[in-house]
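Structural description and commentary
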Amino acid sequence: MVTADSSTTKRIEREDMVMFINACFACTGQKEFYSDAHGQGVSIDFLHEYILGNYRRLYARCLAAGINHFNKGHVITNLLATGQLTPKAQREEEGALIFAALRELPTQRAYRVLESLRDRKINNRRARAVARRFLSERNDLAFEALKYRNKLRAATTHAHLALPGELGKFLFRGWQRQRFETPLFEKFRQAHYAKEAIYELPYTIAEGFAAKHEIPRDEFLARIEARMTIEEKLRLQQTAKRETTTLDLDLGRVGLTRLAIYLLALPVSERAKSRAVIEAAFQQASLRALRRAPRRLGRVAAILDRSFSSSGSSEKRRRPLAVAWATSQLLRAASEEYRAFWTPRLDDELQVVAQGQSDLATPLLEALAWGADLILIVSDGYENDPPHGAAEVARVFKNRLDPDRKTSIVHLNPVFDAEHYAPRSIGSAIPTVGLRDAEDLLTMLGFARFADGSAPLSELEDYLAERVKRMLRPRSQGAPQRDPSEADEAVEAANR
Amino acid sequence: MTAHAPLLEAAELRGLELAPSQVWGGIRIVPLLRREIREDLRLAKRSYDEDLMVVSLDGELIAPGVKYLSYVPHGLVVSWSADGTAAAAYGTQFESRDGKRFGKGPCTVRVAHRMARREDKNRLRFLPLHLAMEGFLALHFGGPEVAWSEYSRRATTTGLDPRTEQSVPGWWIHGLEDALRVFEIHERQVGVLLFVAEALASAFVVPHPDDYRALHRTLLEDFYGTLLFHYGLHATASRMEATIDERNVSSLADLRRELGKMRAEWGTFHAEMATGLFGKKLRSERIYRAGPFQLQRFATDLNPSEENHIGEAMVRETGELEYLKTFRLSAAQTRRAFLLSQLASQNWNLDATAVLLRQSKDELVRRLEKAGFGYLLKEHVLQAARRRH
């Protein structure tokens, strides 16, 4: 029997969960344009504690909802810290989720989670088991021992683990004592004395030795190039230019949002010079992001906010703008017909800079006049020319001009608003979803139907259960795969 | 000979549009957009890093005479061309001729020549707001013109000297720094109306959008009335929303029209919020004639029961407002100016002024003392007035 009470509880539970997942899409605890890092940290920590305390099962299932790495790490540590509160029936699923999520995290993030277990003094049987299993399944532990030396040491001592081979000696007995059989460890030992040996080490480790041996920067960069990751090469492009050397980089292999961030850091004149390369790189990156989701969206319009506030903060430089640009590129590849409406107006996307006021209403009207099926607004939600303009346009349009809901409008927000515990919304007529990377766009669109409050709690639970099942499905070796059904969800959301 | 720009009789935002405001905490900033952007008048900032500036208002740089003393963080340099061609923004260039710098160690002083000083054929340096403030302080600065027996010896020989007023720097106003940081400058924006707790604190207009972008942060260095500091402490964010009436909408074109109406409503609303300055009668004084432009300073009518502003402006011959900067006077400041103007209008005769103000002479004496002008009157006059109270 459903009483009024239970339906209220369910509504509250749904609202809480949607708010939390939305926050976990966007928030990284870093400084934003409109709020400081401390406020963001306090706000997201509170949300985590609140959801963990009230809805433990759903809290764990959020690990499968596509939340960002920062929040995944938080959820894992929080779950491990309070293991004794897990009801018996949920233990197995929770444990499996924790481990699957930890394995999916980027290496440095996963090690940081393990290290944070020590910092937070979390030491129980499950935490130790997770660390043990995690380390036993690593492919190249020697490499990681070198690159994340302190973190690995912290994790092993904290969880009382025995390490195979020379790892124990390397981490705990001091590297000077003996020669190593493992080539990487031996090179590390030699690098303390010989300049040549450092070029066999990963870049971040070699950098310290280069300073020790006083190797000129340009010489070092030129010779270490082969050992650099793509991200490192991308990060050091400007340094290389300053040192009059070059680091060969295939822009096409860089991730979509990363690429946008990198390009935004270049002056507009420089971007214009390599127009063809940039366009090709975006094309490749978008196709890679869509590789497993080839189905196309219909007639899509994007309203992209490039107002001054999209310049982000000192900790997230131009991130909101980069997300907008990357989203635009992804949509161009993913939809049958696509049009971008930048605000303030912009003719050449390559020249985008964060400047000017936020007028979302005018481009929204233009997009509606163009007759889009799906309108996506990528903005931080601060609208000021006029305030509530887009909110009012969307409300009146829905009520008066589109009663059958042929056009759907979704707001994607790359910024978490600490005061309201959610990405800031434009108005009640437009559902808001957080977005950290443009690559996750389709997942977020699948989630959008919960954000506008029309779907009941049971549907949200089913949605999470389905994603959990997909995440825990036994998989073949290799990188986690994006599922084709995500695209279906997005298309479904578009038609809703 | 071209026609000269007129003296301002009333402050008007001619050639400018008001855009919807941006609110942050208790601060509301209304962007002002220029309809037609021209290049023939440019304004730029020149920073001074001295702790004190002494401005020599008359005569030689280092010589006895009337001086104006204040902390001056920056001056403005205006360059113009008389024939409509583009002028260059000069301010940041090093200018060794701009006065003299004294002092070593922790305290430094710059002595400068006059409030507004020509530096080249088409270039003028002036000290923003200080120009207006100096005009305000100089009101009836000479003191009593007739040596009525009530006035002290000091009043009859040196007048009001030294005349002082207080103000606070922008960074004292709670929330102003953040509000300016997060403010999104429009593309054609050349100025702002700045409201603290919904009271007009200052209006600031420059000729060119690029100049505004460069000068936006100087709003923090400028000085404001002490009143606004107190307002800022207690201000909270106000929620005002304009809506679209959906009954008027049956097509997208209607929606577009209604949105335009909503935008216009904001403009009208902001204009109404600023009626304490705009549309009021002004008393203006010409400071410098720069080709087709004219630098002038002004004050509202100094009626103590209303909001009063002083300021300076540059106007084009067509009456378009090219530069504007205003300062909101506090009630006490207005009162002082009002009393002085009433005294001056009656040739400094206390009896006649008391009759004019519809109060007794003793009351007027006490009023003067409270306003800070006790030093103008002889001690026994003050004592008698106090005794009879």
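Quick notes on the rules
Residues numbered from 1 in each chain as written. Chains lettered and ligands numbered in written order. Predicted model: local features only at pLDDT ≥ 70, side-chain atom pairs only at ≥ 80, totals over all residues. Heavy atoms only, no water. Helix = DSSP H or I, 4+ residues; strand = E, 2+ residues; numbered from the N terminus. Rg over C-alpha atoms; globule rule 2.2 N^0.38 Å. Buried < 20%, exposed > 50% of the residue type's maximum accessible area, 1.4 Å probe, protein only. Contact = heavy atoms within 4.5 Å. Areas by Shrake-Rupley, 256 points an atom, 1.4 Å probe, with all protein chains shown as cover. Lys, Arg positive; Asp, Glu negative; His and termini not counted. Charge placed at Lys NZ, Arg CZ, Asp CG, Glu CD. Patch = residues over 30% accessible without salt bridge, like charges linked within 9 Å, V, L, I, M, F, W, Y side chains within 5 Å. Salt bridge = Lys/Arg side-chain N within 4 Å of Asp/Glu carboxyl O. Pairing = 2+ DSSP bridges. Axes fitted to C-alpha atoms, helices over the stretch in contact; angles between N-to-C directions. pLDDT = per-residue confidence, 0-100. Buried area = accessible area lost by both parts, 1.4 Å probe. Polar contact = N/O pair within 3.5 Å; in protein donor to acceptor, adjacent residues only side chain to side chain.

1. A word on the overall build of chain A
Each helix and strand counted, chain A has 24 helices and seven strands in total. Computed over C-alpha atoms, the radius of gyration of chain A comes to 24 Å, within 12% of the 23 Å expected from 2.2 N^0.38 for 496 residues, which places it in the range of a compact globule. Viewed in the frame of its principal axes, chain A has a C-alpha envelope of about 80 × 65 × 40 Å. When each of the 496 residues of chain A is scored for burial, the buried share is 56%. The long-range fraction of contacts in chain A, counting pairs at least 24 apart against all pairs at least 6 apart in sequence, stands at 69%. About 22,000 Å² of surface is accessible on chain A, with carbon and sulfur atoms providing 47% of the total. With 75 positive and 65 negative side-chain charges, chain A shows a spacing of 6 Å between the two charge centroids.

2. A look at a nonpolar patch on the surface
A grouping of Tyr-71, Trp-171 and Trp-172 of chain B is seen on the molecular surface, where their side chains present a nonpolar patch of about 360 Å² in accessible area. Locating Tyr-71 of chain B in the fold gives a position in the loop between β6 (67-70) and β7 (74-80).

3. Focus on the sheet that holds strand β10 (residues 116-120) of chain B
All names here are of chain B. The sheet built from four strands is open, its strands ordered β4-β7-β11-β10 with antiparallel pairing. In this open sheet, the two strands that pair with only one neighbour each are β4 (41-47) and β10. Averaged over all pairs of adjacent strands, the angle between their axes in this sheet comes to 25°, without regard to strand direction. Pairing of β4 with β7 involves seven bridges; the strand directions are antiparallel. Within β7, the position partnered with Ser-47 by the bridge is His-74.

4. Describing the pairing of strand β5 (residues 52-56) of chain B
All names here are of chain B. Judged by how many residues are buried, β5 sits mostly within the fold: four of five residues are covered. Bridge count for β5 against strand β9 (residues 109-113) is five bridges, and the pairing is parallel. For Val-55, the partnering residue across the bridge sits in β9 and is Ala-112. Sheet topology places β5 next to β6; four bridges connect them, and they run antiparallel. Among the inter-strand pairings, Val-54 is bridged to a residue of β6, identified as Leu-69.

5. Some words on unusual backbone geometry
For the bond running from Thr-343 of chain A to Pro-344 of chain A, omega is -5°, close enough to zero to count as cis. Looking at the element boundaries, Pro-344 of chain A is found in the loop between β2 (335-343) and α20 (361-370). Phi is positive for Tyr-421 of chain A, close to 55°, though the residue is something other than glycine. Unusually for a residue other than glycine, His-140 of chain B sits at a positive phi of about 50°.

6. Quick look at the sheet that holds strand β3 (residues 374-378) of chain A
Residues and elements named next belong to chain A. Read from one edge to the other, the open sheet built from five strands follows the order β2-β1-β3-β4-β7, with strand pairing classed as parallel. For this open sheet the edge positions go to β2 and β7 (432-434), each flanked by a neighbour on one side alone. On average, each strand axis in the sheet is tilted by 25° relative to the strand beside it, whichever way the strands run. In terms of strand pairing, strand β1 (residues 297-305) meets β3 through five bridges, oriented parallel. Within β3, the residue paired with Ala-302 across the bridge is Leu-376.

7. Here's the deal with the side chain of His-411 of chain A
All names here are of chain A. In this fold, His-411 is placed in strand β4 (residues 408-413). On the accessibility criterion, His-411 (0% relative accessible area) is buried. Here His-411 is in contact with Ile-377, Ser-379, Gly-381, Arg-424, Ser-425, Ile-426, Ile-430, Pro-431, Thr-432 and Val-433, once residues within four sequence places are set aside.

8. A closer look at the confidence of the model for chain B
Here chain B averages 89 in pLDDT, and 97% of its residues register 70 or above. We note a pTM of 0.90 for the whole complex and an ipTM of 0.88 for its interfaces.

9. Observations concerning the interface of chain B and chain A
Facing the 28 residues of chain B at the interface are 32 residues of chain A. Buried surface at the junction of chain B and chain A, both sides included, amounts to about 2,600 Å², of which 59% is carbon and sulfur. Taken as a group, Glu-184, Glu-246 and Leu-252 of chain B account for 23% of the area that chain B buries against chain A, more than any other trio of residues on that side. Our enumeration of links across chain B and chain A arrives at three salt bridges. The salt bridge partner of Arg-395 of chain A is Glu-246 of chain B, with a shortest N-O separation of 2.8 Å. Our count for the chain B to chain A interface comes out at 13 residue pairs in polar contact (both at pLDDT 80 or more). Elements that contribute at least two residues to the side of chain B that touches chain A include exactly β2 (22-24), α3 (176-182) and α7 (252-273) of chain B. For the side of chain B that touches chain A, the element with the highest residue contribution is α7 of chain B, accounting for seven residues.

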